[in-house]
Amino acid sequence: MLISLPVQVCSSTTDTVLRLLFMQSSLSFPFLSTWETDDCFFTQRAVQWKCSQGTKQEHHTGVLMPVSGWRSRNLKKANVGKTSLIMTLVSEEFPAVVPYRAEEITIPADVTPERVPTHIVDYSEAEQTDEQLYQEISKANVICIVYSVNNKKSIEKVTSHWIPLINERTDKDSRVPLILVGNKSDLVEHSSMETVLPIMNKYTEIETCVECSAKNLKNISELFYYAQKAVLHPTGPLYCPEKKEMRSACIRALTRIFKVSDLDNDGILNDHELTFFQRTCFNTPLAPQALEDVKNVVRKNLTDGVRDNGLTLKGFLFLHTLFIQRGRHETTWAVLRRFGYDDDLELHQDYLFPLLKIPPDCTTELNHNAYLFLQSVFDKHDKDRDNALCPEELMDLFDVFPYVPWGLDVNSTVCTNDQGWITYQGYLSQWTLTTYLDVQRCLEYLGYLGYSIIAEQESQASAIAVTRDKKHDLQKKQTQRNVFRCHVFGITGSGKTGFLQGFLGRNLVRQRAIKEEHKSYYAISTAHVYGQEKYLLLHEIFPDFDFLSETELSCDIVCLIYDVSNPCSFEYCARIFKQYFMDSKTPCMLIAAKSDLPETKQQYCMTPLEFCRKHKMPPPQTYTCNTAAAPSKDIFIKLTTMAVYPHARLRCMCTCNRCTFCLCQNFLNSELVQTVRTKLYTVIFSRHIPHADLKSSIFWLRASVGATVCAMLGFAMYRALLRPR
């Protein structure tokens, strides 16, 4: 019997019968609810069936993840009763006349506890060819081999014919799960399990064996339920029956789940973390007594499974091993699938890369919730509380990744402390950089860290803020963006790399300690623009005048660097500006690098200052990173300011916070002025004005005079403040 997928609608009578049958054998249970500590079973409503050990045991269904569907096929020697099984399932009565082969039956998804459409395909040697059999085997998701418990020859044919035939037609690495079905149990008083048990031990692809009776309607619905279970919750990927231990891939996946769930990174799951884990996976609250019962079970069987009244990694793995050994592997599968794993115990692509639509000319940034999550991850791994991640702490953070995501060039891309360790600011900057340049990779990284689980969001896509088109920002003359991109142009040796490293606070001495293979073409950090923190991303562009790609030309501000000591350095900047940026709306700034060296005359038709005046650019800004302390960041604040306000012709470029322009800007952006303005708006717009006053000409005359006086006073104050400059 092969069980498969596409959905066809059963008749109403059959639909009702199937619904009742399957509901009788369907149960839902949480991960850690009500234990019987003597035998480590959950105490909930169960179904009894003949297990491989030949005794009756309780089995329960778990919280299931729906899949696309599955296909089951019945294989039998003639007269073992497999066609009767199918017909009895549908009609709920033993058929008086049994044909050679039953027609294909489709059980709709809504009548099964797993919510999966099920196709039951019968096979008869008398009516079908071997080629038809091979085709059905290749399409099957699970195969039920039916034998008669009162016929030893039919049992022998299971190993002599059917299992070898199936294995020949399936790939060794992806064997189809098998269910052994012993029919006609009503004709014998003994069990066939002693005969079948050696077969199950020999062939690991056999999931289970069920004894049933089509005539007495015994275990009919259970048979098809466990066939479904073999497909949706296979034992093979989780457990090795020969070694009687979990497979390495399962241990690796559960270890990651444990580390993600260990919110304080102390190596144990405390009561709060276990309760959160229970609610996350099964949406069920956890009673305090049930939690203590679980810990007692672990203490009873494992010496180091509980520490400081919390569950250790060994205890966590022991519980899942116990589930699998007791036939409760659907519980482990529920946990694995909630944390994004597929049937191969790899993180599913839909989990790692959720759908995120990004319109053209829009950028991606992390939102506030994402930064809060990343802050909690940093605090979780910064064990010494020095506001930096040492190499050991960083590797501990990346332990939930299948690979190390950050290379050695990251240390030269973001801010580090004196030991070269990534600081908190550098850590957030690197995440901001990844989100801006490669948002899909950022989604993948957040998936490894369990963002959607811990932050209780639908997916990692909720962590991303997609900005509006830059053209709209220019039209409205304001932006909500927080990350701005600056492309740095200049010939080789002009000081571009030193300029990038200076932005990260590294003087020339610290820059010389960076190995050539560890250098980066990016640098990102924060800059404050009138009290608001913004990220500035510097990108060093390879000097190639003949060809610049669209990506190299797309930025928020252009930085043209020339070496004051090299007479041929400025010409390249002038040519780049005239060729690509003279007619664009992208603001540009000229940087006179290495200003600590003697300045030489540039071999160009005009001086850099004259060039800037001609093209209405700010005057050249001097810069050097050859300082005893960290280089000045004033120039980078100017760049960020120009990027944030590209439409404005800023009269002041000093950002000194002492001159008139800076003082006015800071005053206008101060909290006091904002509060006063808000209160004035509230008073004006909420003030009750009589209807008669609105029609009075005197009222409008007073309002006009008041507005005129305020405008004149404001203009006079502005002129008075600018006169000293």
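Look above for the structure.
Residues numbered from 1 in each chain as written. Predicted model: local features only at pLDDT ≥ 70, side-chain atom pairs only at ≥ 80, totals over all residues. Heavy atoms only, no water.

Visitor: Any chance you could break down the pattern of salt bridges for me, citing the residues and the numbers?
Guide: In total, this model carries 18 salt bridges according to the counting rule given. Between Lys295 and Glu292 there is a salt bridge, with the nearest N and O atoms lying 3.7 Å from each other. A residue pair is termed a helical-turn pair when its members lie 3 or 4 positions apart in one helix, as Lys295 and Glu292 do in helix H9 (residues 288–301) at three residues. The class of Lys295 is buried, set by a relative accessible area of 1%. Its relative accessible area of 27% is what places Glu292 among the partly exposed residues. (Salt bridge = Lys/Arg side-chain N within 4 Å of Asp/Glu carboxyl O. Helix = DSSP H or I, 4+ residues; strand = E, 2+ residues; numbered from the N terminus. Buried < 20%, exposed > 50% of the residue type's maximum accessible area, 1.4 Å probe, protein only.)

Visitor: An account of the layout of surface pockets is requested, with residue identities and associated values reported.
Guide: By volume, the second largest pocket is sized at about 860 Å³. Forming the walls of the second largest pocket are 26 residues, and the residues nearest its centre are Asp361, Lys470, Leu553, Ser554 and Cys555. Where the lining of the second largest pocket is concerned, the elements lending two or more residues are helix H15 (424–437), helix H18 (470–476), helix H21 (550–553) and helix H22 (569–581). When residues in the lining of the second largest pocket are grouped by element, the largest group, four residues, is from H18. Its residues assigned to classes, the lining of the second largest pocket shows nine nonpolar, seven polar and ten charged. (1 Å grid on protein atoms, 1.4 Å probe; cavity = no way out; pocket = protein on both sides within 12 Å on 5 of 7 lines; lining within 4 Å. Points joined across faces, edges and corners; volume = space filled by probe spheres on them. Nonpolar A, V, L, I, M, F, W, Y, C, P; charged D, E, K, R; others polar.)

Visitor: So what about the sheet that holds strand S14 (residues 268–269)? Which residues, and what values?
Guide: Taken in spatial order, the three strands make up an open sheet running S14-S16-S15, and their pairing is antiparallel. For this open sheet the edge positions go to S14 and strand S15 (306–307), each flanked by a neighbour on one side alone. When S15 meets strand S16 (residues 310–312), the two strands line up antiparallel, connected through two bridges. Its bridge partner being in S16, Val306 is matched across the sheet by Leu311. In the packing of helix H10 (residues 313–325) onto the sheet, the strands contacted are S14 and S16, and the crossing angle to S16 comes to about 80°. (Pairing = 2+ DSSP bridges. Contact = heavy atoms within 4.5 Å. Axes fitted to C-alpha atoms, helices over the stretch in contact; angles between N-to-C directions.)

Visitor: For the pairing of strand S21 (residues 483–489), give the residues involved together with the corresponding values.
Guide: Burial runs high along S21: seven of the seven residues are buried. The sheet contact formed by S21 and strand S24 (residues 557–563) spans four bridges and is parallel. In the strand pairing of S24, Phe489 is matched with Leu560.

Visitor: Mind laying out the pairing of strand S25 (residues 588–593), listing which residues take part and the relevant values?
Guide: Remember that side chains alternate between the two faces of the sheet whenever the strand is regular. Burial of S25 is extensive: six of the six residues sit out of reach of the surface. Taking every second residue as pointing to the same face, both faces of S25 are buried, with Cys588, Leu590 and Ala592 on one and Met589, Ile591 and Ala593 on the other. Looking at chain direction, S24 and S25 are connected through six bridges and run parallel. Bridged to Tyr562 within S25 is Ala592. In terms of handedness, the path from S24 via H22 over to S25 forms a crossover that is right-handed. Across three bridges, the pairing between S25 and strand S26 (residues 621–623) is parallel. The residue of S26 that forms the bridge with Ile591 is Gln621. Once the chain exits S25 it traverses helix H23 (residues 608–614) before rejoining the sheet at S26, and the crossover so formed is right-handed. (Right-handed = clockwise from strand over helix to strand, strands pointing away.)

Visitor: Mind laying out the side chain of Gln511, listing which residues take part and the relevant values?
Guide: One can find Gln511 in helix H20 (residues 508–512). On the basis of relative accessible area, Gln511 is assigned to the buried category, the value being 10%. A distance of 3.3 Å separates a polar side-chain atom of Gln511 from the backbone oxygen of Gly498. Among residues more than four places away in sequence, those in contact with Gln511 are Thr497, Gly498, Gln501, Gly502, Arg506 and Cys625. (Polar contact = N/O pair within 3.5 Å; in protein donor to acceptor, adjacent residues only side chain to side chain.)

Visitor: Please give an account of empty space enclosed by the protein that cites residues and values.
Guide: Enumeration over the complete set of coordinates arrives at two cavities of 30 Å³ or more. In this structure, the largest cavity occupies an estimated 90 Å³ of space. Around the largest cavity, the lining is made up of 13 residues, and of these Asp473, Thr479, Ala643, Val644 and Pro646 lie nearest the centre. Counting residues per element, the ones that place at least two in the lining of the largest cavity are H18 and helix H24 (634–644). Counting residues per element, the lining of the largest cavity draws most heavily on H18, at three residues. Among the residues forming the lining of the largest cavity, the class breakdown is five nonpolar, three polar and five charged.

Visitor: Lay out the environment of Leu537 in plain terms, naming residues and giving numbers.
Guide: With respect to the helices and strands, the residue Leu537 is situated in strand S23 (residues 532–540). The class for Leu537 is buried, based on a relative accessible area of 0%. If sequence neighbours within four positions are ignored, Leu537 has contacts with Leu433, Tyr436, Leu437, Phe484, Arg485, Cys486, Tyr522, Ala523 and Ile524.

Visitor: Account for the packing of aromatic side chains, with residues named and values stated.
Guide: Each aromatic ring pair is described using two quantities: the centre-to-centre distance and the angle formed by the ring planes. For the structure on display, the rule yields 28 aromatic pairs. Geometrically, the ring pair formed by Phe373 and Tyr451 is edge-to-face, given 5.1 Å between the ring centres and 85° between the ring planes. Taken as a pair, Phe373 in helix H13 (residues 368–381) and Tyr451 in helix H17 (residues 451–454) lie far apart in primary sequence, 78 residues in all. Residues Phe373 and Tyr451 agree in their burial class; the two are buried. Aromatic side chains Phe378 and Tyr424 sit 5.1 Å apart centroid to centroid with 65° between the ring planes, which places their arrangement in the edge-to-face category. (Phe/Tyr/Trp six-rings, centres within 6.5 Å; stacked < 30°, edge-to-face > 60°.)

Visitor: Break down unusual backbone geometry for me, citing the residues and quoting the values.
Guide: Look at Leu345: it is not a glycine, yet its phi comes out positive at around 60°. With respect to the element layout, Leu345 can be found in the loop between helix H11 (329–338) and helix H12 (349–352).

Visitor: Please give an account of the sheet that holds S21 that cites residues and values.
Guide: Spatially, S22-S23-S21-S24-S25-S26 is the arrangement adopted by the six strands of the open sheet, whose pairing is mixed. Edge strands, defined here as strands with exactly one partner in the open sheet, are strand S22 (522–529) and S26. Taking the axes of each pair of neighbouring strands and ignoring which way they run, one obtains an average angle of 30° across the sheet. On the sheet, helix H19 (residues 496–503) packs against S21, S22, S23, S24, S25 and S26 and is oriented at approximately 155° with respect to S23. Here H24 sits on the sheet and contacts S21, S22, S23, S24, S25 and S26; the angle it forms with S22, its principal contact strand, is near 80°.

Visitor: Quick one: what's the story with the nonpolar core, residue by residue and with numbers?
Guide: Within the largest apolar cluster, 78 residues are counted, with the highest numbers of intra-cluster contacts made by Tyr427 and Trp431. Here this core takes seven residues from H10, the largest share from any one element. Ala523, Ile591, Cys625 and Met642 belong to the second-largest nonpolar core, a separate cluster that totals 27 residues. (Core = buried A, V, L, I, M, F, W, Y, C linked by side-chain atoms within 4.5 Å.)

Visitor: Mind laying out H13, listing which residues take part and the relevant values?
Guide: If you check H13, its first and last C-alpha atoms are 20 Å apart, about what 14 residues at 1.5 Å a residue would give, namely 20 Å. Of the positions making up H13, those classed as buried are Ala370, Tyr371, Phe373, Leu374, Val377, Phe378, Lys380 and His381. Regarding H13, its N-cap is Asn367, as a side-chain oxygen of that residue lies 3.3 Å from the backbone nitrogen of Asn369 further along. (Expected span 1.5 Å × (residues − 1).)

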